Amino acid sequence: MLTHRDQSCQRVLLVVMDGIGIRDDRFGNAIALAAMPHLESLKKQPLSTQLKAHGTFVGLPSDTDIGNSEVGHNALGAGRIFAQGATLVNQAIESKSLYRGKTWRDLVTSLKTSGSTLHFLGLLSDGNVHAHENHLYAMLAQAKIEGLQKVRLHLLLDGRDVAEKSAEVYLKRLHQVILSLQSPDFDVQVASGGGRMIVTMDRYQADIAMVERGWHAHVLGEASDRFLSIDAAISHYRQDPNLSDQYIPPFVITDADQKPRGTIEDGDGVVLFNFRGDRAIAISRAFTETDFKDFDRKRFPKVFFAGMMEYDGDLHIPSRYLVEPPAIDHTLSEYLISYKVRQFACSETQKFGHVTFFWNGNRSGYFDQTLEEYVEVASDRVTFDKKPRMKAQEIADVTIDRMRRGTFDFGRINFANGDMVGHTGNLQATIEAVEEVDRQLGRLVEVALETGTTLIITADHGNADEMFDGKEKDFPEWKTPQGKKPPPKTSHTLAPVPFIIFGQGSERFRLANLPQQSLGNVAATVIELLGLKADPVYLPSLVTRKSNEEKS
């Protein structure tokens, strides 16, 4: 337990309102359209500002890149900025170090020796959150240079980090690449696919059936929906006006005789070209674990499997990967453990790994279980616009219990509503979602005053702040029931995020005058509030102590 309570804040709780960015325009802005009295009141506090949460501010290649929960929580927990997945992959491809690495060399050697098929599996998108199409195209070109002869593609459709019905855009570019590479001695074809929220890309075992459906389609060539081409598949699914790309069911591409074009067999190579870890771990385990029991694989081909990156650094999933992940060391959790600070982390399943694994520098488990408590609230297995309140109340209940019992000195929680419901593109449901976050925020404010807890309120990136893909001038009657509505925007945004400090001890501080403020500055701020020794490895604190004159 901390012993400096007379000098600083006795307990600090960081509240991450996932996906809640700041945008003045009310057009399609679920946050501006919602009733959020508690957040609005908190924004008027003296210690209130905005933080950058996208692009180079969180380690992504450029400031046109939207932020995401993985890199956001990496930055929050690391206290500084590390080059992240997309940046590292870009560098490895540009320098050709990816192709000189042992994994790629062994993969090519294996396939040339056996004459087997190379399979690429991943998200066909330029969203740059889980994957980027250019990485696939670069590896296809290199595969041809290396003399590989047969390639099959298993493509997951996005509609979440990009426009909800944009598959045709990416397929057109893919076809152009294939056309430029296809030759009598280089055969590239699409073999299977499906929407990312239905097929393959489960995370934290929230819905392992997604992975099972993907396994059946990609590996076994089994799916109810079978087409002669991926274009025919998309044309078929477009007959349902309510079906967005992310929810397209699994499908298999076949020859005219209904034979699948690309099942995965013994001796084949499989590259999962997603670079982000959370939705890549489960399918990686299915390909690599001999004693895998999460579902019946029916057939377990002996393949050379490689991830774009190592998706879990502690469990070493997968064992072979193409690009080294960021080496995030000296996280805030480790620093606080050195001072015997008791820590608490809580979220529901959808974001539990973000307040643990990603927060702790892509490490699983505890640093010191005697000083840390992690609580996971099980997420509902429904599309989130059906239950937009999600598990915010349950997360608040658990947190309030710990606040009243005084079991932690520093806590961190994540309300997933603004992000997960925002991704559905349902404006009204997202309004309900962020209003629920505000209700629970109000409860935390009340108990913070009761228990002497200092709150830090922020977000990891924007999402719910921009739910329409279009301009208001083109949809003048969007507010009316019969008015034409813009197409929904389901991706994250470039918006800044709020940063607010409220509660006991906060009156001793003022905002620092920093030229640049981002999520990476939060760790040092926690250290400052707790009255611990500043560490120069972290980006500077967003607050500084008031002088005696200022206090008086």
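Placed above this text is the structure.
Position numbers for residues count from 1 along each chain, tracking the sequence in the order it is written. pLDDT decides what is reported in this predicted model: residues at 70 or higher carry local features, side-chain atom pairs at 80 or more are listed and counted, and totals for whole chains, interfaces and linings draw on all residues regardless. With hydrogens and water excluded, all non-hydrogen atoms of the structure serve as input to the side-chain values.

K.L.:
Would you mind going over the sheet that holds strand S12 (residues 372-377) with me for this structure?
P.N.:
Hydrogen bonds between backbone atoms are what pair the strands of a sheet, whose relative direction is either parallel or antiparallel. The 7 strands lie next to each other as S2-S15-S14-S1-S13-S11-S12, forming an open sheet whose pairing is mixed. Of all the strands in the sheet, just strand S2 (48-51) and S12 have a single pairing partner and so form its edges. Neighbour-to-neighbour, the strand axes of the sheet open up by a mean angle of 15 degrees, direction not taken into account. Any two strands with at least two DSSP bridges between them are considered paired. Numbering of helices and strands starts at the N terminus; helices are DSSP runs of H or I of at least 4 residues and strands are runs of E of at least 2. Note that strand S14 (residues 453-458) and strand S15 (residues 497-503) share 5 bridges and pair antiparallel. Bridge pairing in S15 places Thr458 opposite Phe499. Each of strand S11 (343-348), S12 and strand S13 (410-415) is contacted by helix H13 (residues 349-358), which is oriented at about 155 degrees to S11, the strand it contacts most. Note on geometry: axes are lines fitted to C-alpha atoms, helical ones only across the stretch in contact, with angles between N-to-C directions running from 0 to 180 degrees. Here, two residues are considered to be in contact whenever any of their heavy atoms come within 4.5 Å of each other.

K.L.:
I tried to follow the environment of Phe357 on my own but got confused; where do I start?
P.N.:
Here Phe357 lies in helix H13. When its relative accessible area of 10% is taken as the criterion, Phe357 is described as buried. C-alpha separation for the pair Phe357 and Asp401, spaced 44 residues apart in sequence, amounts to 23 Å. Note on exposure labels: buried denotes an accessible area under 20% of the residue type's maximum, exposed denotes more than 50%, and partly exposed covers the range between, all computed with a 1.4 Å probe on protein chains only.

K.L.:
How should the pairing of strand S5 (residues 187-195) be read in this particular structure?
P.N.:
Counting buried residues in S5 gives 7 out of 9 residues, a clear majority hidden from the surface. When the strands point away from the viewer, a crossover counts as right-handed if the path from the first strand over the helix to the second runs clockwise. Each parallel crossover has a hand, and the one from strand S4 (residues 150-157) via helix H8 (residues 167-181) to S5 is right-handed. Pairing analysis gives 2 bridges linking S5 to strand S7 (residues 251-253), with the strands arranged antiparallel. Each residue of the ladder has a partner; that of Ser192, found in S7, is Val252.

K.L.:
Where do I start with helix H17 (residues 522-530) in this structure?
P.N.:
Since the α-helix packs 3.6 residues into each turn, any two residues three or four apart lie on the same face. H17 sits mainly inside the fold: 8 of its 9 residues count as buried. Along H17, the residues classified as buried are Val522, Ala523, Ala524, Thr525, Val526, Ile527, Leu529 and Leu530. Where H17 terminates, the next one or two residues include Gly531, which has phi positive at roughly 75 degrees.

K.L.:
Sorry if this is basic, but what is going on with the pattern of salt bridges here?
P.N.:
Pairing between side chains of opposite charge can happen when their charged atoms approach one another. By definition here, a salt bridge exists when the distance from a side-chain nitrogen of Lys or Arg to a carboxyl oxygen of Asp or Glu is within 4 Å. In total, this model carries 38 salt bridges according to the counting rule given. In this structure, Arg545 and Glu528 form a salt bridge, with 3.4 Å as the shortest nitrogen-oxygen distance. Taken together, the positions of Arg545 in strand S17 (residues 543-545) and Glu528 in helix H17 put the pair 17 residues apart, joining distant regions of the chain. Members of the salt-bridge network, linked through shared partners, are Glu70, Arg203, Arg276 and Asp278.

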